[in-house]
Structure formats: C-alpha cells, structure tokens
Amino acid sequence: MPRLLLKLSGEALAGGQGSGIDVAVLGRLCREIGAAVELGAEIAIVCGGGNLFRGAGLAEVGMDRVVADQMGMLATCMNSLAIGDGLARAGVPARIRAMLPMDGVLPAYSPAEARGALADGAVVVVAGGTGNPFFTTDTAACLRGAELQADCVLKATKVDGVYTADPLQDPAAQRLDALTFDEVLARNLAVMDLTAICLCRDQDLPVLVFDLNAPGALTKIVKGEKIGTRIAKRTAA
C-alpha cells in the first residue's frame, strides 16, 4: 500500500481528555506516521473536528445548518494545523492545505500539487472537510482518497475493526475480517456514512478499519500485516 489516505476523528486527538488536543497523543501519532513514511508509504490525512466543535449538535437545537457546518469545518482546520506542527516536531515533512484557504495560515488545496508532494515524500494534510455543508469528514476523506489516487482509505477508530454489533455494549459481538461495501450497506453497519461508502464502492477504493491506539498499527499496515477489517468491492478469494 504505497499511497494511503488516513482518516482521523477529532476525538482521536483528544485522547482520554474527551475534548481538546492531547499533545502526548498527537506526538505519538505523528511519530508513527513518520515511521510509516520511512517504510515507503505516501500518506495524506483528513481529520475531523469533533474534539473542538460539533456543528450537527447545534443544528439540532436551532442553529442554521450551513453556519453550524462551516464552524465545524473551521474546527478541522485547527486540528490540521496541530497535526502539521506535530509532524514538524517529529521531523516529518508535511504540507497543510485547506478547502477553506486562509491567507497567511492555510494555502488552498490543489489535487495536482498534493499528488506531487506525496510523491516527493511529504505528508499532505487536507483541512476543511469537503468545503461544503451537509457532508461529513468521512465523505471528505473518501473524496480526497479517490482524488489523490490512494490505494486505500484507513479509517482510524477506537476498536480493532468492524463488529457485528457494538463490542462495548454486546459481549457476543464478533469482529469481521473482511466485508464488501454491499454487505456494509445491507447490514447497516456503522462504518461510515452512506455517501462515503457508496463513493468508495463506485471508485473501487478499499477501506481498512483499524484501532489507532494499537502500537505500531500504521507500520503493520504498510508492511502488509493483516489487522482490522478490510472493506472492498469484493472479498479476497
């Protein structure tokens, strides 16, 4: 897997704090990304903003949905800047670009430039979601993955794959090693939103769901070790 799109949730950056950014967690994550790059992986990152702001929650209590989503997209920009700083401190070259460019802070995202930066060994962090309201950062990640010709979208979670039920609530839940996109849709498994899953299916872009907190998870993926749950257009023979 030489080119990967890593989707991080904002909550992943919060660690045990529940909100904000845990600098220790950020540092560990950036060092693991650097180790994966040293093994030859090309990595682009899309991060959510739920650790700082949740636009959907405010929309539910009356705020204009477009305004709420725009505020959420700004939260992803803050997280992306933090990731860029963490990568710099870990000695990992990075380019931070945004769907919502800000002069002097975040240059505009360009797919062609991003592909060039990846080929040159830099990690590309894309902030601002899709740049449009009503779309999740999962959809943004899958869109960027297709656009950047990634070999796989890595969905980082708090569990080690996709289960038949919530493993935190159902002790009988079983982990699934592999699924097709159609199986995810038919079984209504909470992996990504419908738009994201359908986009990956239509573009034949595999998704790997894995535990971000497992030590060395990224390097294991780059080395081809089997971890997490792989979702693809068809299961391996």
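From a predicted model like this one, the values you see are computed outputs, not experimental measurements.

K.L.:
What is the right way to read the pairing of strand β3 (residues 94–98) from this model?
P.N.:
Within a regular strand, side chains alternate between the sheet's two faces. As defined by bridge partners, β3 adjoins strand β4 (residues 123–127) across five bridges and the pair is classed as parallel. Within β4, the position partnered with Arg97 by the bridge is Val126. For the crossover from β3 across helix α5 (residues 111–119) to β4, the handedness is right-handed.

K.L.:
I'm lost on helix α8 (residues 194–202) in this one. Help?
P.N.:
Counting along an α-helix, one turn takes 3.6 residues, and residues three or four places apart therefore face a common direction. Those residues of α8 lying buried are Ala196, Ile197, Cys198 and Cys200. Elements that come into contact with the buried residues of α8 comprise α6 (137–147), α7 (181–186) and β9 (207–211). Capping the start of α8 is the job of one residue whose side-chain oxygen sits 3.1 Å from the backbone nitrogen of Thr195: Asp193. One or two positions beyond α8, positive phi appears at Asp204, with a value near 55°.

K.L.:
Can you help me understand the sheet that holds β4 in this one?
P.N.:
Strands in a sheet are paired, the pairing made by backbone hydrogen bonds, and the direction either parallel or antiparallel. Here eight strands make up an open sheet; going across it, the order is β3-β4-β2-β1-β5-β9-β10-β8 and the pairing mixed. Each having just a single partner strand, β3 and β8 (178–180) make up the two edges of the open sheet. Strand-to-strand twist across the sheet, computed as the mean angle between neighbouring axes with direction ignored, equals 20°. Against the sheet, helix α4 (residues 65–89) touches β1 (3–8), β2 (42–47), β3 and β4, its axis set at about 165° to β4.

K.L.:
For this particular structure, what's the right way to read the nonpolar core?
P.N.:
Nonpolar side chains tend to gather and get buried jointly when the protein is soluble and globular. Core analysis: the largest hydrophobic core is formed by 36 residues, its most contacted members being Leu6, Leu8, Ile33, Ile45, Ile83 and Leu154. Ignoring sequence-local partners within four residues, the contact set of Ile33 consists of Leu6, Ile43, Ile45, Leu87, Val123 and Leu218.

K.L.:
So what exactly am I meant to see when it comes to the packing of helix α2 (residues 23–38) against α4 here?
P.N.:
How two helices pack is summed up by the angle between their axes together with the distance between the axes. At a minimum axis distance of 9 Å, the contact between α2 and α4 shows a crossing angle of 60°. Crossing geometry of α2 relative to α4 is assigned as right-handed. When α2 is examined against α4, the residues Val23, Leu26, Cys30 and Ile33 are found in contact with a partner set consisting of Ala82, Ile83, Gly86, Leu87 and Arg89. A breakdown of the residues in the contact of α2 with α4 according to their chemical character gives seven nonpolar, one polar and one charged.

K.L.:
Where do I start with the side chain of Thr219 in this structure?
P.N.:
Note that Thr219 resides in helix α9 (residues 217–222). Residue Thr219 is classed as buried on the basis of its relative accessible area, which comes to 18%.

K.L.:
Looking at this structure, I do not really get the pattern of salt bridges. What am I missing?
P.N.:
In this structure the tally under the stated criterion is twelve salt bridges. A salt bridge links Arg201 to Asp182, with the nearest nitrogen and oxygen atoms 3.1 Å apart. Note that Arg201 is positioned in helix α8 and Asp182 in helix α7, a separation of 19 residues in sequence. Residue class for Arg201 comes out partly exposed when judged on its relative accessible area of 24%. In the salt-bridge network here, residues are joined through shared partners; they are Lys7, Asp138 and Lys155.

K.L.:
Would you explain unusual backbone geometry in this entry?
P.N.:
Residues other than glycine predominantly adopt negative phi, and peptide bonds predominantly adopt the trans conformation. In this structure, Phe134 takes a positive phi of about 75° despite not being glycine. Here Phe134 shows up in the loop between β4 and α6. In this structure, Asp204 takes a positive phi of about 55° despite not being glycine. Turning to its location among the elements, Asp204 is positioned in the loop between α8 and β9.

The rules behind the values
Residues numbered from 1 in each chain as written. Predicted model: local features only at pLDDT ≥ 70, side-chain atom pairs only at ≥ 80, totals over all residues. Heavy atoms only, no water. Pairing = 2+ DSSP bridges. Helix = DSSP H or I, 4+ residues; strand = E, 2+ residues; numbered from the N terminus. Right-handed = clockwise from strand over helix to strand, strands pointing away. Buried < 20%, exposed > 50% of the residue type's maximum accessible area, 1.4 Å probe, protein only. Contact = heavy atoms within 4.5 Å. Polar contact = N/O pair within 3.5 Å; in protein donor to acceptor, adjacent residues only side chain to side chain. Axes fitted to C-alpha atoms, helices over the stretch in contact; angles between N-to-C directions. Core = buried A, V, L, I, M, F, W, Y, C linked by side-chain atoms within 4.5 Å. Left-handed = near helix turned anticlockwise from the far one by under 90°. Nonpolar A, V, L, I, M, F, W, Y, C, P; charged D, E, K, R; others polar. Salt bridge = Lys/Arg side-chain N within 4 Å of Asp/Glu carboxyl O.

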